[in-house]
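The lines below spell out each chain.
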Amino acid sequence: MSVVLNVSNVTKLFGSFAAVDGMNMQMKEGGVYLLVGPNGCGKTTLVNCISGIYTPNGGNIYYRTADISGEPMFKIAQRGLVRTFQIAAPFLRLTTLENMLVAIPDNAGENIALSLFRPTWADSEVKAVRRASELLRVLGLRHVWNMPANTLSGGELKLLEIGRALMCGAETILLDEPVGSIDPQLCHQIFNHVLRLRDELGITFLVIEHRLEVAAQYADHVFAMDRGKLLMEGTAEEVFEDPRVITAYLGE
Ligand SMILES: Nc1ncnc2c1ncn2[C@@H]1O[C@H](COP(=O)(O)OP(=O)(O)OP(=O)(O)O)[C@@H](O)[C@H]1O
Ligand SMILES: [Mg+2]
């Protein structure tokens, strides 16, 4: 399988402090990757460099064949590499389906959402509604398609956020602590759908998650960071049994 994301020797400085310090990482298409490491080791800063929120001070980031280091966020998103919070928060009074349709860029989706109330639909509208409906099936949100977003559970809202990224054409999704405040059962629910999106649509994921006991079992590959660098990578088992990783977590 081809490499979709290649982070090569990336550094990000805050003043003279290197929050990311020569980080290397490669992700292949259709994989679920987990990024772990102690608080403050640079995970969020790295994801901010990848998604274009920060410009790295050194190194290169390649998405597929393009060097995207320093590109603006919207351009990186247009390439299909999307961080979920870049998509505007759901409109809580709109239904699940309407939220999927208004996520389409260039306002085209807004017209399509309105078209739900029109007797005849254009081809593009039929296509968008079909795509939304298919994604809602894979995300397990079909039963709430006509419910206002403010009646969805925390887990369902997270899945809707992923669905909205997919409506925008996302092929690689960066999730920074997707399940922070929700209970472990919902965490399992979200990861199960992440695996379904990988298997049915070939979507690639990079997930930062502190709940290792839940996340580890869903990851194809784990990157462990420490002090801005890649400390170790491998299967969840290899990484979490490695003495260096254990020391990084527990302190010396
Ligand atoms: N905008 C900023 N200005 C200055 N220092 C920053 C900034 N953002 C992050 N840092 C510092 O860079 C380091 C890495 O922070 P980062 O948020 O990337 O860590 P993290 O691995 O995501 O941590 P956590 O697990 O707590 O989310 C920390 O020491 C942090 O204090
Ligand atoms: Mg963080």
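Residues numbered from 1 in each chain as written. Chains lettered and ligands numbered in written order. Predicted model: local features only at pLDDT ≥ 70, side-chain atom pairs only at ≥ 80, totals over all residues. Heavy atoms only, no water.

(A) Representation of the site of ligand 1 within the structure. With respect to spatial proximity, 13 residues lie near ligand 1, and among them Asn39, Gly40, Lys43, Thr44 and Thr45 are the closest. In this structure, glycine 40 approaches ligand 1 through a main-chain N or O atom, which is 2.8 Å from an oxygen atom. Within the side chain of threonine 45, a nitrogen or oxygen atom sits 2.5 Å from an oxygen atom of ligand 1. Compared with its free state, where it exposes 630 Å², ligand 1 has 61% of that area covered by protein. Of all elements in the fold, only strand 2 (17–28) and helix 1 (43–51) reach the threshold of two or more residues within the shell around ligand 1. Per element, the largest residue contribution to the shell around ligand 1 is three residues, and it comes from helix 1. Here the residues of the shell around ligand 1 are counted per class, giving five nonpolar, six polar and two charged. (Near = heavy atom within 4 Å. Polar contact = N/O pair within 3.5 Å; in protein donor to acceptor, adjacent residues only side chain to side chain. Areas by Shrake-Rupley, 256 points an atom, 1.4 Å probe, with all protein chains shown as cover. Helix = DSSP H or I, 4+ residues; strand = E, 2+ residues; numbered from the N terminus. Nonpolar A, V, L, I, M, F, W, Y, C, P; charged D, E, K, R; others polar.)

(B) Spotlight on the nonpolar core. Counting 51 residues, the largest nonpolar core has Ile162, Met167, Ile173, Leu197 and Phe205 as the members making the most contacts within it. Residues within four places of methionine 167 in sequence aside, it is in contact with Met100, Leu101, Ala103, Ile104, Ala128, Arg131, Ala132 and Leu135. (Core = buried A, V, L, I, M, F, W, Y, C linked by side-chain atoms within 4.5 Å. Buried < 20%, exposed > 50% of the residue type's maximum accessible area, 1.4 Å probe, protein only. Contact = heavy atoms within 4.5 Å.)

(C) Broad picture of the side chain of aspartate 226. Within the secondary structure layout, aspartate 226 lies in strand 9 (residues 221–226). Those residues within four positions of aspartate 226 in sequence are excluded, and the remaining contacts are Pro38, Cys41, Leu231 and Ala248.

(D) Representation of the pairing of strand 8 (residues 204–208) in the model. Extensive coverage of strand 8 is indicated by the burial of five of its five residues. The alternating pattern of strand 8 places Thr204, Leu206 and Ile208 and Phe205 and Val207 on opposite faces, both of which are buried. Pairing geometry for strand 3 (residues 32–36) and strand 8, over four bridges, is parallel. Looking across to strand 8, one finds that valine 32 is bridged to phenylalanine 205. Pairing of strand 7 (residues 172–176) with strand 8, which is carried by five bridges, proceeds in the parallel orientation. Note on strand 8: the bridge partner recorded for leucine 174 is leucine 206. (Pairing = 2+ DSSP bridges.)

(E) The arrangement of the sheet that holds strand 1 (residues 3–14) in detail. The strand order across the open sheet built from four strands is 2-1-4-5, with neighbouring strands paired in antiparallel fashion. The strands lining the two open edges of the sheet, one partner per strand, are strand 2 and strand 5 (66–67). Sheet topology note: the strand 1/strand 2 ladder contains nine bridges and is antiparallel. Paired with lysine 12 across the two strands is valine 20, which belongs to strand 2.

(F) A look at the pattern of salt bridges. For the structure shown, the criterion picks out 13 salt bridges. Across the salt bridge formed by arginine 64 and glutamate 29, the nearest N and O atoms sit 3.4 Å from each other. In this pair, arginine 64 is assigned in the loop between strand 4 (58–63) and strand 5 and glutamate 29 in the loop between strand 2 and strand 3, connecting sequence segments 35 residues apart. Close ionic contact of aspartate 242 with arginine 244 constitutes a salt bridge, the shortest N to O distance being 3.1 Å. Judged by relative accessible area, arginine 244 falls into the partly exposed class, the value being 46%. Salt bridges sharing common partners tie together Glu134, Arg137, Arg196 and Glu200. (Salt bridge = Lys/Arg side-chain N within 4 Å of Asp/Glu carboxyl O.)

(G) Focus on the pairing of strand 9. Across the six residues of strand 9, five count as buried, placing the element largely inside the fold. Pairing analysis gives four bridges linking strand 3 to strand 9, with the strands arranged parallel. Looking at the pairing, leucine 35 lines up with phenylalanine 223 of strand 9. Two strands pair when backbone bridges link them, and strand 9 and strand 10 (residues 229–234) are joined in this way by five bridges, in the antiparallel orientation. Residue pairing in the sheet places methionine 225 in a bridge with leucine 230 of strand 10. Taking the residues that link successive antiparallel strands as the turn, the strand 9-strand 10 hairpin has two residues, and the phi of arginine 227 there is positive, at about 50 degrees.

(H) Structural context of the environment of glutamine 189. With respect to the helices and strands, glutamine 189 occurs in helix 7 (residues 184–201). Sequence separation between glutamine 189 and glycine 155 is 34 residues; the distance between their C-alpha atoms is 7.5 Å. In contact with glutamine 189, not counting residues within four places along its chain, are Glu156 and Leu159.

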